[in-house]
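If you want the building blocks of each chain, they are given just below.
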Amino acid sequence: MGNMIDGHAGQQAVAAMAAFGTDVMFTLNGGHIWPLYDAARDQGMRVVDTRHEQTATFAAEAYAKLTRKPGFAALTAGPGITNGVSAITSAWFNGTPLVVMGGRAPEARWGAGSLQEFDHVPVVQSITKSAITVKDPSKAASAVHAAARLALTPHRGPTFVDFPLDVFGPSSGELPDVDECTGKGVAPDSDEVSRIVALIANAERPAFIVGSDVYWDGAWDELRAAVEHLRVPCFFNGLGRGTLPASHELSFLRTRGLLNKRADLVVVLGTPLDFRLGFGRFGSAQVAHVVDSDAQRARHVDVPTVAGDLMLVLRAFADHGGDRCSHEAWIAELRDAEMAGVAADRLLLDAASSPIKPSRIYGELGRRLADDAVVICDGGDFASYAGKFVQVQQPGNWLDTGPYGCLGNGLGYSIAARVTRPSSQVVLLLGDGAAGFSLMDADSLVRHGLPVVMVVGNNGMWGLEKHPMQAIYGWDMACDLQPQCRYDEVVRSLGGAGEMVTDPREIGPALDRGFASGVPYMVNVVTDPNDVYPRSSNLA
């Protein structure tokens, strides 16, 4: 039996989010959503406002990633919603439980041309699990409760609820209870589990690729138990990074190329068989797929698949009591290759050349990152180097853009990271192109007292496009940015601090000054424009 919430629909909506443990609203002020602010003020929910709705929505998504609770973005009508669409779409591709609440022109005057009168629902329907307009004020609490519950239900994703301005009149409504099954997936089919366990037991050179849904299902302890019992080496993407510490003997970062050449079985856990994973092909290896719901079964390849709660699947893997092939020779082969990769990378991480190689930045950063540091990526080639070199030790500490590849997430993710992890290092790694999307929200970091160390890899170009265009066409167009642009001065002008670095020996001291500053701090590193990231993904 639920509780009655009195006041108005905004009071109901905020109470519904708070019931799921959500304690922050991310927003940009607009008159259509003032009742939500009124409710947040009354109920003690923190409100963090930004300079652009895309940043607010990215912040809400990152809040969900960092807490595994539903993120909450409140966007005003019309352009407030459309400004948030790219971030909502990223949450859709990332499988992030995000609730976006929108203001809306009054229902009683619909069609007369009210300010920002626009039907948002058809725009966001294809990128949300549900999109509705609340027209009965007494149903506001139940509507938001249902949206949050659905957002948390595997396969997770964003939901949308908007409120006509005239629905915010005096009302009361019942708020349902949050039950213990919220966020849990269905039990997996035991025969499907047994089939994949048999494949692992009979394989000589198996590997796991661990994706974000292992994190979302909270299954990192079960993952560790399974891989230690079955002796299976692990590779990672997305929020899968950190579910097994990078320092673990069965964690591998630099030897993924061997999966195409040597593995005889690749089990993909909790991530789609998309372009990041060769669309589910790894040389001659057998591929198996473990997903959190039937909706995530791959349609473009026919591989053994089990769908269900990943915690239960991995627990079943850990409980396997039959015979299996020894994998020790395979693990030793990968470890030898990994150590050779570490030695080769050391030359890159310590590169003393000028102009600065981007890899040197990661060499200096790696010596300074604490185990609980939150690392955020926003960019193309520069952020790709982060994926190559940054070692993640704990779950939920790696925030990248995800498969949608939408730039501009960096400042929003940073805002949420500092709000939710007040005592951890928070490092934002920005390409100079990506910096142009959201750097004005350094002002939001300053206004809300949120210190973050921002590092720009400043090569004066859209490197992800320029180098491939040169390789394919022999020329490039619309790829150049301002050389040595003073992004650090932008942050200083907005109330933070920072510096530009052109000498590789000064990278480390600049990072130290940033971490010690206690303010939003930009380390603007001018890097070699001729450095080409060794990219091999088939994007299409």
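All values reported here derive from a predicted model rather than from experimental measurement.

Here is what the cut-offs are and how they apply
- Residues numbered from 1 in each chain as written.
- Predicted model: local features only at pLDDT ≥ 70, side-chain atom pairs only at ≥ 80, totals over all residues.
- Heavy atoms only, no water.
- Pairing = 2+ DSSP bridges.
- Helix = DSSP H or I, 4+ residues; strand = E, 2+ residues; numbered from the N terminus.
- Axes fitted to C-alpha atoms, helices over the stretch in contact; angles between N-to-C directions.
- Core = buried A, V, L, I, M, F, W, Y, C linked by side-chain atoms within 4.5 Å.
- Buried < 20%, exposed > 50% of the residue type's maximum accessible area, 1.4 Å probe, protein only.
- Contact = heavy atoms within 4.5 Å.
- Phe/Tyr/Trp six-rings, centres within 6.5 Å; stacked < 30°, edge-to-face > 60°.
- Lys NZ or Arg CZ within 6 Å of the ring centre and 35° of its normal.
- Parallel < 35°, antiparallel > 145°, perpendicular 65-115°, else oblique.
- Left-handed = near helix turned anticlockwise from the far one by under 90°.
- Nonpolar A, V, L, I, M, F, W, Y, C, P; charged D, E, K, R; others polar.
- 1 Å grid on protein atoms, 1.4 Å probe; cavity = no way out; pocket = protein on both sides within 12 Å on 5 of 7 lines; lining within 4 Å.
- Points joined across faces, edges and corners; volume = space filled by probe spheres on them.
- Salt bridge = Lys/Arg side-chain N within 4 Å of Asp/Glu carboxyl O.
- Expected span 1.5 Å × (residues − 1).

## Structural notes on the sheet that holds strand 7 (residues 159–164)
Reading across from one edge, 3-2-4-5-7-6 is the order of the six strands in this open sheet, with parallel pairing throughout. At either margin of the open sheet sits one strand with a lone partner, and together these are strand 3 (46–49) and strand 6 (131–133). Going across the sheet, the axis of each strand differs from the next one's by a mean of 20°, ignoring polarity. As paired elements, strand 2 (residues 24–27) and strand 3 share four bridges and run parallel to each other. Counted as the bridge partner of Phe26 is Val48 from strand 3.

## Notes on the nonpolar core
By size, the foremost hydrophobic cluster in this structure holds 55 residues, and its most contacted members are Phe26, Ile376, Leu399, Met454 and Met522. Ranked by residues supplied to this core, first place goes to helix 3 (residues 53–67) with eight residues. Discounting residues that sit within four places of it in the chain, Leu399 has contacts with Ala62, Lys65, Leu66, Leu239, Val374, Val375, Ile376, Cys377 and Tyr413. Counting 33 residues, the second largest nonpolar core, distinct from the first, contains Met25, Tyr37, Val99 and Ala143.

## Observations regarding the packing of aromatic side chains
The tally for this structure, following the rule as stated, stands at 14 aromatic pairs. An aromatic cluster of at least three residues, connected via ring pairs, comprises Tyr362, Phe382, Tyr385, Phe389 and Tyr533. A cation sits over an aromatic face here: Arg104 above Trp110, 4.3 Å from the ring centre. Across the ring face of Trp398, the terminal group of Arg241 is positioned such that the distance to the ring centre comes to 3.9 Å.

## Section: the packing of helix 3 against helix 16 (residues 410–420)
The geometry of helix 3 relative to helix 16 is characterised by a closest axis approach of 7 Å and an angle of 45° between their N-to-C directions. When the axis of helix 3 is compared with that of helix 16, the two are oblique. Every pair of crossing elements has a handedness; the one defined by helix 3 and helix 16 is right-handed. Residues Thr55, Phe58, Ala59, Glu61, Ala62, Tyr63, Lys65, Leu66 and Thr67 of helix 3 lie in contact with helix 16, whose contacting residues are Leu411, Gly412, Tyr413, Ile415, Ala416, Ala417 and Thr420. Across the contact of helix 3 with helix 16, the residue classes break down as ten nonpolar, four polar and two charged.

## Looking at the layout of surface pockets
Using a probe with the size of a water molecule, rolled over the atoms, empty space left in the structure can be pinpointed. For the second largest pocket, the calculated volume is near 440 Å³. Looking at the second largest pocket, it is lined by 29 residues, and the ones nearest its centre are Trp92, Phe93, Asn94, Gly95 and His155.

## Things to note about the pattern of salt bridges
Under the criterion given, the structure shown has 38 salt bridges. With a closest N to O distance of 3.5 Å, Glu204 and Arg205 form a salt bridge. Residue Arg224 pairs with Glu228 through a salt bridge whose shortest N-O separation is 3.1 Å. Of this pair, Arg224 and Glu228 both sit in helix 10 (residues 220–230), four residues apart, roughly one helical turn. Note on Arg224: relative accessible area 37%, which makes it partly exposed. Relative accessible area serves as the criterion here: at 36%, Glu228 is assigned to the partly exposed category.

## Section: helix 2 (residues 34–43)
Among all positions of helix 2, only Pro35, Leu36, Tyr37, Ala39 and Ala40 are buried. Contacts from the buried residues of helix 2 go to strand 1 (3–8), helix 1 (9–19), strand 2, strand 3, strand 4 (71–75) and strand 5 (98–104). Following helix 2 by one or two positions, Gly44 adopts a phi angle in the positive range, close to 75°.

## Re helix 7 (residues 140–152)
Owing to its 3.6 residues per turn, the α-helix aligns residues three or four sequence positions apart on the same side. For helix 7, built from 13 residues, the straight-helix expectation of 18 Å at 1.5 Å per residue is met to within 8% by its first-to-last C-alpha distance of 19 Å. Among the residues of helix 7, Ala140, Ala141, Ala143, Val144, His145, Ala147, Ala148, Ala151 and Leu152 are the ones counted as buried. Each element contacted by the buried residues of helix 7 is listed here: helix 1, strand 5, strand 6, strand 7 and strand 8 (170–175).

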